[in-house]
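# Architecture and fold: a report
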Amino acid sequence: MTSLLEFKQYVKRFYIKYETYITYVWKFLLALITIVVINGKLGYMDALTNGAIVMMASLLCAILPPNFIVLVAAVFILGHLYSMAVECALIAAIIFLLMFLLYFRFSPKDTLAVLLTPLFFFMHIPYVMPLAMGLLGTPASIVSVSFGLVISYMLQFFSSNAASFGSDGVQEAANQFQGLIDGILGDKAMVVMIAAFAVSLVLVYIIRRSSANYSWKIAVAAGAVSLIIVTLIGDIVSDTQISIPGVILGTIVSALLMLVLEFFAFNLDYSRTEKVQFEDDDYYYYVKAVPKVTVSTPERKVKKINRAREQH
């Protein structure tokens with residue numbers, strides 16, 4: 001355990017020392033991975049799959065604010081869908097417009113939630129996001145996570161039904177529009193997952209804000225259980241045929257990952273908890289103080305030996 005705590009201190013010191021450069025690197029990598037996933041799922045416009053275009057867009061995202069990555073991702077998606085069928089791009093543009101209006105109104109700082117939700121979705125562990133945002137975010141993070149899910153299902157829908165769009169779709173625009181709306185916004189599985197994620201996120205947030213011992217661990221466990229239960233109920237009621245074993249396995253993996261997050265973000269020593277009571281003219285105060293787990297890392301000292309002096 002001491003070795004892990006020392007490693008944590010080294011990581012924190014390294015990040016503080018090179019924070020500026022690390023920020024550029026993670027924004028570049030996140031943008032690059034996001035664009036590569038979009039190109040892999042869609043990839044209908046050859047110009048956008050060009051390696052030079054992908055690298056330039058990623059580098060541009062690295063030096064601009066994180067929200068710019070969301071905008072670039074939307075541009076790539078719309079470009080690919082435009083090449084596939086105009087009506088697909090139009091429907092996606094309307095969804096993105098609503099997303100940006102709500103996203104920048106309620107949770108403009110949750111860029112990672114919007115981008116990481118689709119990435120984890122295609123890794124089959126999207127359940128990481130409601131648990132993580134419940135621990136690190138606020139209830140407003142539901143907006144970002146929900147739109148991340150909408151984007152995930154939208155990409156999956158267009159990728160799976162690409163053969164049904166084309167010249168015939170342009171001629172039958174009205175029918176095609178109705179089919180697109182029903183296929184994306186009428187997806188019962190997406191609605192069930194959004195509801196499950198919202199319940200789990202709020203529950204995790206409420207519990208981790210409490211003063212109970214091991215509140216983060218309890219919050220993760222409660223959020224994971226609620227995620228499975230709500231998904232199961234939604235699957236039975238809506239007949240969505242969601243893979244419940246996959247949900248259970250993915251939720252367990254996500255909960256284990258949250259233990260790693262807790263270690264770096266909220267590692268407390270409850271054995272040294274202190275409760276203090278004091279008062280002033282107007283109030284009595286009851287304070288519970290729980291110290292963080294810390295360990296001093298050994299400082300490495302380099303001793304220089306002057307060999308020339310030894311020879312004399």
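Please read all numbers here as calculations on a predicted model, not as lab measurements. Chains are numbered independently. Their residues run from 1 in the order of the written sequence. Thresholds applied to this predicted model are a pLDDT of at least 70 for local features of residues and 80 or more for the giving and counting of side-chain atom pairs; totals over whole chains, interfaces and linings are not thresholded and use all residues. To get the side-chain values, take all heavy atoms of the structure and skip hydrogens and water.

## Describing the nonpolar core
We apply this condition: By convention a nonpolar core is built from buried Ala, Val, Leu, Ile, Met, Phe, Trp, Tyr and Cys residues, the set being connected through side-chain atoms within 4.5 Å. Only protein chains enter the accessibility calculation, which uses a 1.4 Å probe. A residue is then buried if its area is under 20% of the maximum for its type, exposed if over 50%, and partly exposed in between. Think of it this way: any DSSP run of H or I at least four residues long counts as a helix, any run of E at least two long counts as a strand, and we number them from the N terminus.
With 74 residues, the main nonpolar core has Ile 77, Leu 81, Phe 96, Met 99 and Phe 158 as its most contacted residues. Counting residues per element, this core draws most heavily on helix α8 (residues 141–160), at 10 residues.

## A short note on a nonpolar patch on the surface
Filter applied, for reference: Two distance rules govern patches: like charges are joined within 9 Å, and nonpolar side chains (Val, Leu, Ile, Met, Phe, Trp, Tyr) within 5 Å, applied only to residues with over 30% relative accessible area and no salt bridge. Only the protein chains shown count as cover for residues, with accessible areas throughout obtained via the Shrake-Rupley method and a probe of 1.4 Å. By convention in these notes, a salt bridge is any Lys or Arg side-chain nitrogen within 4 Å of a carboxyl oxygen on Asp or Glu.
Taken together, the side chains of Val 225, Ile 229, Leu 232, Ile 233, Ile 236 and Val 237 present a nonpolar region at the surface, about 580 Å² in accessible area. The residue Ile 229 is located in helix α12 (residues 215–238) in this model. Judged by its relative accessible area of 45%, Ile 229 is partly exposed.

## Considerations on the pattern of salt bridges
Within the structure shown, the criterion is met by 1 salt bridge. A salt bridge links Lys 217 to Glu 262; its shortest N-O distance comes to 3.0 Å. With Lys 217 in helix α12 and Glu 262 in helix α13 (residues 244–265), this residue pair connects regions lying 45 residues apart in the sequence. When its relative accessible area of 39% is taken as the criterion, Lys 217 is described as partly exposed.

## A look at the packing of aromatic side chains
Operational definition: The pairing test for Phe, Tyr and Trp rings, Trp by its six-membered ring, is centres within 6.5 Å, and the orientation test on the planes gives stacked under 30 degrees, edge-to-face over 60, and tilted for anything in between.
Going through the model one piece at a time under the given rule, you end up with 6 aromatic pairs. When the ring of Tyr 127 is compared with that of Phe 197, the centres are 6.1 Å apart and the planes differ by 65 degrees; the resulting orientation is edge-to-face. In this pair, Tyr 127 is assigned in the loop between α6 (111–122) and α7 (128–136) and Phe 197 in helix α11 (residues 188–208), connecting sequence segments 70 residues apart. Residues Tyr 127 and Phe 197 agree in their burial class; the two are buried. Ring centres of Phe 157 and Phe 158 lie 5.6 Å apart, and the angle between their planes is 65 degrees; this geometry places the pair in the edge-to-face category.

Geometry only, nothing functional implied.
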